[in-house]
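Descriptive structure summary
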Amino acid sequence: MTATPTKTSKSVPLHTKILSGLLIGALVGIAANLTLGGTHPLVVNVNKYLAGPIGAIFLNLLFMIVIPLVFASISLGVAGLGDLKRVGRIGAKTLGFFLFSTALSVTVGLLLVQTLRPGTRITPEVRTQLMETYGGDAAVRMQAAETSTFGIQTLVNVVTRNPVKSAVDLDLLGIIFFGIVFGAAITMITAERGKMMITFLEALNEIVLKIVDMAMKIAPYGVAGLIFGVTSRFGLSLLQPLAVYVTVVLLALTLHIVVNYSWILRLFVGISPLTFFARVRAPMITAFSTSSSSGTLPTSIATAEQRLGIPPQIAGFVLPLGATMNMNGTSLFEGVTVIFLAQVFGVSLSLGDQAIIMVMCVITAIGAAGVPGGSLPLLIGILAMFGVPGEGIALILGVDRILDMARTTTNVTGDLVATTFIAKAEGSWNASMVPDESDDPPARAA
Ligand code: ASP
């Protein structure tokens, strides 16, 4: 792959610039919020004419390339793996790892929410006030939830009947399926013609990754704009009554990233977690600022290949699947929120109920779309199953963006962990293949 590593100038590496964009955007946004307030005309206009458009342009650039990138990388991945048995084996390992890490994350969330019981700290006044403020928004989301059921039809729809429509709708699962079938078919035609198609797809992949590099050049500004938009308008006063709930979600997500991913990386992947996290900063920050796993996918693929040295056929296969199916942060958030709202509304849940909630969170996280708020319709569905009023979602809507940023970061980090795990398990990569970078800690686990 010829796309260049993430350095823009000799002195300041791009990931440092992106981090600076994040910090500056957050600090200026919080300062504006505290001094002027989120509805002050200056804040509104800066968001409307400067921060908002810059953030949207960055996000649009990423989304612009998601479909060609997913198609090219997954079909190349499957064709590159060559024999279909190997594809099946990697697919099974990948899904197994997704299920394992998702179940692990829900467990962390459920243990914390049952220990700290944030729902018992919400007074009836706060509950009524939040329901009044966000009731309208909740009703809209409940309507949307009615059309997004997750069941056998979801599986049937993976077999897309119109790949062009899947592309238009950003239905990644449909495109992934088409890409897998296309890549498999390449291995079945004459070698000469197959090679022509592979050369074409390789060129397409390389071009798209070049566009990712170009998009990432404006990432520091885009990230600053997106973060300014969230922090300057955020209702900081909301944090207080929901502080324990927000803390439980953020703490559980942090524990899952810092503790669970670290031991998985050390034990099964053989890479120092410090090196890993240093290398994946760019996709983590992109996920945090965009709240979209799908939007972050181009950055994740480029990072896995360029900064972790993962073979393209593994990164191109595992990461698109991960962005759509492996949502550790989302399932954890769903589990905590269902129990939190059950506590608020006095719905008692048996151990059996909680086990079913866990399973439902794992399954629905697979079905959630990798876009901001993508999990909310499915969350409403789980609430309904356990007799917790769906309108209760109003309680958390005010803080959801902040939680979405954190859970998407977890989702994307989990996809990158899964990719290194599969690459290692397949014997096609090890930590010594991480490209040298003088400013990062040594690659191998101690
Ligand atoms: N925003 C999340 C993602 O893109 C999905 C969600 O939990 O709402 O990964």
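Going by the structure above, here's the rest.
Below is a short write-up of the structure.

Definitions and cut-offs
Residues numbered from 1 in each chain as written. Predicted model: local features only at pLDDT ≥ 70, side-chain atom pairs only at ≥ 80, totals over all residues. Heavy atoms only, no water. Core = buried A, V, L, I, M, F, W, Y, C linked by side-chain atoms within 4.5 Å. Buried < 20%, exposed > 50% of the residue type's maximum accessible area, 1.4 Å probe, protein only. Helix = DSSP H or I, 4+ residues; strand = E, 2+ residues; numbered from the N terminus. Contact = heavy atoms within 4.5 Å. Near = heavy atom within 4 Å. Polar contact = N/O pair within 3.5 Å; in protein donor to acceptor, adjacent residues only side chain to side chain. Areas by Shrake-Rupley, 256 points an atom, 1.4 Å probe, with all protein chains shown as cover. Nonpolar A, V, L, I, M, F, W, Y, C, P; charged D, E, K, R; others polar. Patch = residues over 30% accessible without salt bridge, like charges linked within 9 Å, V, L, I, M, F, W, Y side chains within 5 Å. Salt bridge = Lys/Arg side-chain N within 4 Å of Asp/Glu carboxyl O. Expected span 1.5 Å × (residues − 1). Bend = angle between axes of the 7 residues up to and from the residue.

1. Some points on the nonpolar core
Formed by 76 residues in total, the largest nonpolar core has its most connected members in I18, M216, I271, F276, F277, I310 and F317. Per element, the largest residue contribution to this core is 14 residues, and it comes from helix α2 (residues 41–81). Look past the residues within four positions of I310 in its chain and what remains in contact with it is A304, E305, A315, T419, T420, A423 and W429. Grouped together as the second largest cluster of nonpolar side chains are 48 residues, I122, L130, F333 and A406 included.

2. Brief notes about the site of the ligand
Close to the ligand lie 16 residues, the nearest being S293, T330, D404, R407 and N411. Within the backbone of G374, an N or O atom sits 2.9 Å from an oxygen atom of the ligand. Note that an oxygen atom of the ligand is positioned 2.6 Å from one of the side-chain N or O atoms of R407. Protein burial of the ligand: of its 270 Å² of free accessible surface, 100% is covered by the chains. It is helix α20 (residues 400–425) that provides the largest number of residues to the shell around the ligand, a total of four residues. For the shell around the ligand, the residue count by class is four nonpolar, 10 polar and two charged.

3. As for a nonpolar patch on the surface
Side chains of F100, L251, L255, V258, V259, W263, L267 and F268 sit close together on the surface and give an oily, nonpolar patch of about 700 Å² of accessible area. Take the nonpolar patch: its biggest share by element is seven residues, from helix α11 (residues 243–269). One can find F100 in helix α3 (residues 84–116).

4. Looking at the pattern of salt bridges
Under the criterion given, the structure shown has seven salt bridges. For E426, the salt bridge goes to R86, with nearest N and O atoms at 3.1 Å. With a gap of 340 residues between them, E426 in the segment after α20 and R86 in helix α3 connect regions that are remote in the sequence. Put simply, R407 and D404 hold a salt bridge, and the shortest N to O gap is 3.4 Å. In this pair, R407 and D404 are both assigned in helix α20, three residues apart and thus about one turn of the helix distant. Accessibility expressed as a relative area gives 1% for R407, which makes it buried.

5. Some points on the side chain of T413
Residue position: T413 is located in helix α20. Note on T413: relative accessible area 0%, which makes it buried.

6. Some points on helix α14 (residues 293–306)
A rise of 1.5 Å per residue sets the reference length of α14, with its 14 residues, at 20 Å; its end C-alpha atoms lie 19 Å apart and thus fit the reference within 8%. Of all the bends in α14, the greatest, near 30°, is centred on T299. Counting buried positions along α14 yields 14 of 14 residues, so the element is predominantly enclosed.

7. Examining the side chain of T324
Mapped onto the elements, T324 comes out in helix α15 (residues 312–325). The exposure class of T324 is buried, given its relative accessible area of 9%. Side-chain polar atoms of T324 contact the backbone oxygen of P320, separated by 3.0 Å. At 3.0 Å, the side chain of T324 and the backbone oxygen of L321 are in polar contact. Dropping the residues within four chain positions of it, T324 is found in contact with L172, L173, I176, A365, I366 and A368.

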